[in-house]
Amino acid sequence: MNWDDTPTDTAAGTEAGERLVDAGAAGEDQAIEAALRPKNLGEFVGQERVREQLDLVLRAARQRGATADHVLLSGAPGLGKTTLSMIIAAEMGAPIRITSGPAIQHAGDLAAILSSLAEGEVLFLDEIHRMSRPAEEMLYMAMEDFRVDVVVGKGPGATAIPLELPPFTLVGATTRAGLLPPPLRDRFGFTGHMDFYEPAELERVLHRSAQLLDVEIEPDGAAEIAGRSRGTPRIANRLLRRVRDYAQVKADGVITRSIAETALGVYEVDGRGLDRLDRAVLGALLKLFGGGPVGLSTLSVAVGEERETVEEVAEPFLVREGLLARTPRGRVATPAAWEHLGLRPPQNAGGSGGQQGLFGV
Ligand SMILES: Nc1ncnc2c1ncn2[C@@H]1O[C@H](COP(=O)(O)OP(=O)(O)OP(=O)(O)O)[C@@H](O)[C@H]1O
């Protein structure tokens, strides 16, 4: 592929929600996602430390015949937080209830859920940092004392009716543990931080998923897909399904390295996992602004995208990959960015002065 052809003027058609390499679950085929979920800790690939620690927490609770401590899982989307919460329930032989912070806007919403939990049930609260303040305060007491005060009435006549709850295990998930207020964070008995996966771990995820989907995949084919999956199992599984389509329609159904390469080329996911939007941002930064520094607003206009899309959708991965740096003076491309797009940096690339000074933050 010739990176010089990367469009720099617009990234039309790359809406965040439609991206093959988006780690979020929006638009995901829920049935397939569920079918590919590991069902127990043994099947769960990678995250060795979290897995080992959690295994101890759960075993100890089982031996005591007690409900497991509350668990907080933090990490980027698509790394397996929901999967792990289901595994916790399965390992404890308990049912699971799934909800999310944004769905609980009133304390009453939370009271209704808590009061209907069965003894030992696992309550999975995704995006726990997005819960409303009153609900959050109710949760403090529920987590600590298995009790809530339900307020009936308004104003001076309002009364608080205490309600006993059965012991339950709260599994909270957040993309940013730092956003949680300390009183909430402190009430979790165990906190597990989930990291991005190594390519070898993603290869194992891919082999397992291919088996479940009844697709033949060669080790090189899995390695090729893993390298483009941005450290994220959800993306790996999604790319696998697209490559499977290609292998089925254009070849004999077997996923080899060359089939994976060609198929992901069709979907514009490059060897490092960058898609069209990522390359448009990087291309504009290099070709129009000599590698920066350039302000986010200027860069966004240049690629024809909203500021938020560039900042929240494209940049985090580019920064993580060491291709782009956010500096107080604006966005700057790293030498690796020039290399990745097959371009040669000008003499003063990334430097201070020259024409770069023209572009404001
Ligand atoms: N460790 C793993 N081993 C195998 N497959 C995994 C693993 N982690 C995640 N997956 C797969 O990735 C997909 C996404 O996982 P999951 O929904 O648990 O992510 P998440 O962290 O909860 O994402 P979000 O924050 O967007 O809800 C699932 O289909 C699951 O099969």
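The rules behind the values
- Residues numbered from 1 in each chain as written.
- Predicted model: local features only at pLDDT ≥ 70, side-chain atom pairs only at ≥ 80, totals over all residues.
- Heavy atoms only, no water.
- UniProt positions renumbered as here; feature names shortened; annotations may be inferred.
- Helix = DSSP H or I, 4+ residues; strand = E, 2+ residues; numbered from the N terminus.
- Expected span 1.5 Å × (residues − 1).
- Bend = angle between axes of the 7 residues up to and from the residue.
- Buried < 20%, exposed > 50% of the residue type's maximum accessible area, 1.4 Å probe, protein only.
- Contact = heavy atoms within 4.5 Å.
- Near = heavy atom within 4 Å.
- Polar contact = N/O pair within 3.5 Å; in protein donor to acceptor, adjacent residues only side chain to side chain.
- Areas by Shrake-Rupley, 256 points an atom, 1.4 Å probe, with all protein chains shown as cover.
- Nonpolar A, V, L, I, M, F, W, Y, C, P; charged D, E, K, R; others polar.
- Domains from an automatic or database assignment.

- The name given to the protein in an unreviewed UniProt entry is Holliday junction branch migration complex subunit RuvB, and the organism recorded there is Streptomyces xinghaiensis.
- Within the UniProt record for the protein, the comment given under Catalytic activity (unreviewed entry) is "ATP + H2O = ADP + phosphate + H(+)".
- Listed in UniProt under the heading Sequence similarities (unreviewed entry), the comment for the protein reads: "Belongs to the RuvB family."

1. Description of helix 13 (residues 307-320)
Given 3.6 residues to a turn, an α-helix orients residues that are three or four positions apart in the same direction.
Here is step 1 of the chain: With 14 residues, helix 13 extends 19 Å between its outermost C-alpha atoms, agreeing within 8% with the 20 Å of an ideal straight helix rising 1.5 Å per residue.
Here is step 2 of the chain: Along its length, helix 13 reaches its greatest deviation from straightness, about 45°, at Ala314, and the proline Pro316 lies no more than four positions downstream.
Here is step 3 of the chain: Buried within helix 13 we find Thr309, Val310, Ala314, Glu315, Phe317 and Leu318.
Here is step 4 of the chain: The inward-facing, buried residues of helix 13 contact helix 11 (276-287), helix 12 (296-303), strand 8 (324-327) and strand 9 (330-333).
Here is step 5 of the chain: Trailing helix 13 by a residue or two, Gly322 shows a phi angle of about 70°, which is positive.

2. What to know about the site of the ligand
Here is step 1 of the chain: Taken together, 19 residues lie around the ligand, and Val45, Lys81, Thr82, Thr83 and Arg234 are the ones closest in.
Here is step 2 of the chain: Gly80 is positioned with one of its backbone polar atoms (N or O) 3.0 Å from an oxygen atom of the ligand.
Here is step 3 of the chain: Asp126 places a side-chain nitrogen or oxygen 3.4 Å from an oxygen atom of the ligand.
Here is step 4 of the chain: Protein contacts shield 95% of the accessible area of the ligand, which totals 630 Å² for the unbound molecule.
Here is step 5 of the chain: Residue composition of the shell around the ligand, by class: nine nonpolar, five polar and five charged.
Here is step 6 of the chain: Counting contributing residues, the shell around the ligand receives three or more from each of domain 1 (37-193) and domain 2 (199-266).

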